[in-house]
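Observations on chain architecture
These are the residues of each chain, in order.
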Amino acid sequence: TKLFESKNKRGGVRGVTFRHIVLDDGYNPENARQNYLKFVNDLKIDIVLAPFGTATTQESFDFVKDNKLVLLFPAVTESGVFRNAQLKNIVNLT
């Protein structure tokens, strides 16, 4: 959060400012889906940083694709599921 605040005070990165918002899904796929709905519809989020869990990420993935959300560094154990060159909106660490 401090990093985002510091960057935002200087105008963001290339004019884009950041918000650090944490929503807990309790590792429940339905809760995760509801959180993604809130990200898009209420909070107007474009990028999700490090979503956690294969089951919760898979549950919401069609919604993520349809709404053109970017997932940065998803923390999933079955990482092969999200390592597809066709999935342009997912950025993996390795």
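What you see is a predicted model, and the numbers here were worked out from it, not measured in a lab.

Quick notes on the packing of aromatic side chains
- Under the definition given, this model contains three aromatic pairs.
- With centroids separated by 5.4 Å and ring planes inclined at 15°, the aromatic side chains of Phe4 and Phe18 adopt a geometry described as stacked. A residue pair is termed long-range when its members are at least 10 positions apart, and Phe4 in helix 1 (residues 2-9) and Phe18 in the loop between helix 1 and helix 2 (29-41) qualify at 14 residues.
- Here the aromatic rings of Tyr36 and Phe39 are separated by 5.9 Å at their centres, their planes lie at 80°, and the arrangement is edge-to-face. Residue Tyr36 and its partner Phe39 are located together in helix 2, separated by three residues, close to a single helical turn.
- Assessed through its relative accessible area of 6%, Tyr36 is described here as buried.

Overview of the packing of helix 2 against helix 3 (residues 54-66)
- One can describe the packing of helix 2 onto helix 3 by two numbers: an axis separation of 8 Å at closest approach and a directional angle of 40°. The orientation of helix 2 with respect to helix 3, classified from their angle, is oblique. Between helix 2 and helix 3 lies a crossing of right-handed hand. Residues Pro29, Glu30, Ala32, Arg33, Tyr36, Leu37 and Val40 of helix 2 touch helix 3, and the partners they reach there are Ala55, Thr56, Glu59, Ser60, Phe63 and Val64.
- Residues that form the contact of helix 2 with helix 3 fall into these classes: eight nonpolar, two polar and three charged.

So, the sheet that holds strand 1 (residues 47-49)
- Reading across the sheet, the three strands line up as 1-2-3 and stay open at both edges, with parallel pairing between neighbours. Looking at strand neighbours, the two that pair on one side only are strand 1 and strand 3 (90-91), the edges of this open sheet.
- For strand 1 and strand 2 (residues 70-72), the ladder comprises three bridges, and the chain directions are parallel. Paired with Leu49 across the strands is Leu72, a residue of strand 2.

Cut-offs used in this document
- Residues numbered from 1 in each chain as written.
- Predicted model: local features only at pLDDT ≥ 70, side-chain atom pairs only at ≥ 80, totals over all residues.
- Heavy atoms only, no water.
- Phe/Tyr/Trp six-rings, centres within 6.5 Å; stacked < 30°, edge-to-face > 60°.
- Helix = DSSP H or I, 4+ residues; strand = E, 2+ residues; numbered from the N terminus.
- Buried < 20%, exposed > 50% of the residue type's maximum accessible area, 1.4 Å probe, protein only.
- Axes fitted to C-alpha atoms, helices over the stretch in contact; angles between N-to-C directions.
- Parallel < 35°, antiparallel > 145°, perpendicular 65-115°, else oblique.
- Left-handed = near helix turned anticlockwise from the far one by under 90°.
- Contact = heavy atoms within 4.5 Å.
- Nonpolar A, V, L, I, M, F, W, Y, C, P; charged D, E, K, R; others polar.
- Pairing = 2+ DSSP bridges.

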